[in-house]
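# Coordinate inspection notes
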Amino acid sequence: MFRGRDILLRLGLIFSILLILTGCWDKKELDQLAMISMIGVDYDPEKDQIVMYYQVINPYSGASALEPGGPQSLVYTYRIEGRSFGEIRTLSFEWMSRYLFEAHFRMLILSKSAAKHILREVVNYIESLPRAKASASVLVAEDSLHDIMNHFTLLERVPAQAIQNRLRYLIDFSLYVSRDIQLRDISERMLQDRVVVLPMIKVLPGKSDQIEQRESNIDASQDNVIITGGAVIKDFKMVGKMVDSDLISYNVLNGAKGRHTKLMTLNGKEVTLTYQPVRFKRTVTLRNNKPVITFHIDFMLTAERSIEYMPKTYQEAIKMEEEFDRRAKRKEQAFVEKYLAKGWDVVGVKDALKRYLPDYPQSDNILQEVEIQFVNHSNYMYPSHIQESY
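Fair warning: this is a prediction, and the values are worked out from it, not measured in the lab.

### Overview of the overall build of the protein
In terms of regular secondary structure, the protein is built from 12 helices and 13 strands. Evaluated residue by residue, the protein yields a buried proportion of 46% over its 390 residues. Accessible surface for the protein amounts to roughly 21400 Å². Of this, 52% is attributable to carbon and sulfur atoms.

### Quick notes on the pattern of salt bridges
Considering all chains together, one arrives at 17 salt bridges under this definition. Lys-338 is the partner of Asp-246 in a salt bridge, and the nearest nitrogen-oxygen pair spans 2.8 Å. On the criterion of sequence distance, the pair formed by Asp-246 in helix H9 (residues 244-252) and Lys-338 in helix H10 (residues 314-340) is long-range, its members being 92 residues apart. On the accessibility criterion, Asp-246 (12% relative accessible area) is buried. As a salt-bridge pair, Arg-326 and Glu-323 come within 2.9 Å of each other at their nearest N and O atoms. Of this pair, Arg-326 and Glu-323 both sit in helix H10, 3 residues apart, which is roughly one turn of that helix. Of the residues examined, Arg-326 reaches a relative accessible area of 42% and is grouped as partly exposed. Here Glu-323 falls in the buried class, since its relative accessible area comes to 12%.

### Here's the deal with helix H4 (residues 119-128)
Along H4, the residues that are buried comprise Leu-119, Val-122, Val-123, Tyr-125 and Ile-126. All buried residues of H4 lie within an arc of 165° about the axis, which places them on one face of the element.

### Some remarks on the packing of H9 against H10
At their nearest, the axes of H9 and H10 sit 10 Å apart, and the two run at 95° to each other. One way to sum up the angle between H9 and H10 is to call them roughly perpendicular. Residues Asp-246, Ser-249, Tyr-250 and Val-252 of H9 pack against Lys-331, Glu-332, Phe-335, Lys-338 and Tyr-339 of H10. Across the contact of H9 with H10, the residue classes break down as 4 nonpolar, 1 polar and 4 charged.

### Observations concerning the side chain of Ser-174
Within the secondary structure layout, Ser-174 lies in the loop between helix H6 (159-173) and helix H7 (183-191). Relative accessible area serves as the criterion here: at 5%, Ser-174 is assigned to the buried category. From its side chain, Ser-174 meets the backbone oxygen of Leu-170 in a polar contact 2.5 Å long. Among the polar contacts made by the side chain of Ser-174, one reaches the main-chain amide nitrogen of Tyr-176 at a distance of 3.2 Å.

### Some remarks on the packing of aromatic side chains
Inspection of every chain in the model, using the stated rule, returns 10 aromatic pairs. Summarising the aromatic geometry, the rings of Phe-93 and Tyr-99 are spaced 6.1 Å apart at their centres and angled 35° between planes, so their arrangement reads as tilted. Given a relative accessible area of 44%, Phe-93 falls into the partly exposed group. Measuring from ring centre to ring centre gives 5.0 Å for Phe-335 and Tyr-339, while their planes differ by 50°; the resulting arrangement is tilted. Pair noted here: Phe-335 and Tyr-339 are both in helix H10, with a separation of 4 residues, about one helical turn. A residue is classified by how much of its surface remains accessible, and Phe-335, at 2% relative accessible area, is buried. Overall, Tyr-339 belongs to the buried group, its relative accessible area being 2%. An aromatic cluster is built from Tyr-275, Phe-299 and Phe-324, whose rings are joined through pairwise contacts. Positioned above the aromatic ring of Tyr-169 is the side chain of Arg-168, whose terminal nitrogen or guanidinium carbon lies 5.2 Å from the ring centre.

### With respect to a nonpolar patch on the surface
Side chains of Ile-7, Leu-8, Leu-11, Ile-14 and Phe-15 sit close together on the surface and give an oily, nonpolar patch of about 500 Å² of accessible area. Along the chain, Ile-7 falls in helix H1 (residues 2-20). We classify Ile-7 as partly exposed; its relative accessible area is 44%.

### What to know about the nonpolar core
By size, the foremost hydrophobic cluster in this structure holds 61 residues, and its most contacted members are Val-41, Tyr-54, Leu-108, Ile-109, Leu-110, Ile-163 and Ile-186. In contact with Ile-109, other than residues within four places in its own chain, are Met-38, Ile-39, Gly-40, Val-41, Leu-139, Ala-141, Leu-145, Ile-148, Met-149, Ile-163 and Ile-201. Judged by nonpolar contacts, the second largest core, of 46 residues, contains Ile-248, Val-284, Tyr-309 and Tyr-339.

What counts, and at which threshold
- Residues numbered from 1 in each chain as written.
- Predicted model: local features only at pLDDT ≥ 70, side-chain atom pairs only at ≥ 80, totals over all residues.
- Heavy atoms only, no water.
- Helix = DSSP H or I, 4+ residues; strand = E, 2+ residues; numbered from the N terminus.
- Buried < 20%, exposed > 50% of the residue type's maximum accessible area, 1.4 Å probe, protein only.
- Areas by Shrake-Rupley, 256 points an atom, 1.4 Å probe, with all protein chains shown as cover.
- Salt bridge = Lys/Arg side-chain N within 4 Å of Asp/Glu carboxyl O.
- Arc of directions from axis to C-beta.
- Axes fitted to C-alpha atoms, helices over the stretch in contact; angles between N-to-C directions.
- Parallel < 35°, antiparallel > 145°, perpendicular 65-115°, else oblique.
- Contact = heavy atoms within 4.5 Å.
- Nonpolar A, V, L, I, M, F, W, Y, C, P; charged D, E, K, R; others polar.
- Polar contact = N/O pair within 3.5 Å; in protein donor to acceptor, adjacent residues only side chain to side chain.
- Phe/Tyr/Trp six-rings, centres within 6.5 Å; stacked < 30°, edge-to-face > 60°.
- Lys NZ or Arg CZ within 6 Å of the ring centre and 35° of its normal.
- Patch = residues over 30% accessible without salt bridge, like charges linked within 9 Å, V, L, I, M, F, W, Y side chains within 5 Å.
- Core = buried A, V, L, I, M, F, W, Y, C linked by side-chain atoms within 4.5 Å.

What follows is the structure, encoded as structure tokens:
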């Protein structure tokens, strides 16, 4: 008798707990969501208007019985403008029949106007979202953002996927792009009073209005987008640009580990070298009451892509290493002098002093007061696959 009453009490307790559980009262089905793959932000300073571009995945693209009227685009781009980001979100329901879902977007592309005027607001808005996407990569449009957001891409049908793949290969197999181009990196660098350099994207001439026209054109040098150059961001504002040759020094001096291949002249001989920073260390000391920052960088060298010249003896390899180290030092010195003179902390001078010399007073001219040295050491590892060219 008592055992049966205990069972009933336990069942009653379980059902009571079930009644106060929240449950999925606000769930939305997949077919109610607008899955965003890429976001673009533009700004019109004359009208004080924000323009948002949402590139939404079309679930009914491709060959499907659900498609009325034939094939459809894999993505659709919506252009909505308003006075604030929250206002634009409300206006989105006038344009689309689904609920905006930003949790999986991969790319954030800013116009130069947005990067110069409202970058702080953009970062605050994205990070304030319930499903904040701080890992999204950020790029700056060299040309019209409208053209980029309404452009078909090659090989990959989803533009966000195509751009993400390019960035991944540029990070691994070049020194033009670093990993520190995500939304959270902007916030961290700004708090450290440093600059961050974001890759820039531009449209090549010959744009097609229909995807069929794009697919029938074999010339990939037309109607394509290209990632080249960098936008320098300081204090949440775009303050200038950086060319590809300077991007190499910037990324090396900020700890990037990409493999970069370049034709160069060493000891009077042309050679195509692949070099990769494999060790990066930064030390800070005081010398005569003056801060000295030293960059210690080890490079791995290979001539696997070279058909011009290959070292054939140990002495030749040593000479090539020494000349490469001298050349790298000249490039690094010229780069630092050029940009520190502009007041751009491209190598984290202020952050290094705060970390290693916290008691050292930092004046407004600290970038000019600090002495920067470079110690490079290269190691020639792998020769070319051929012993001698024809």
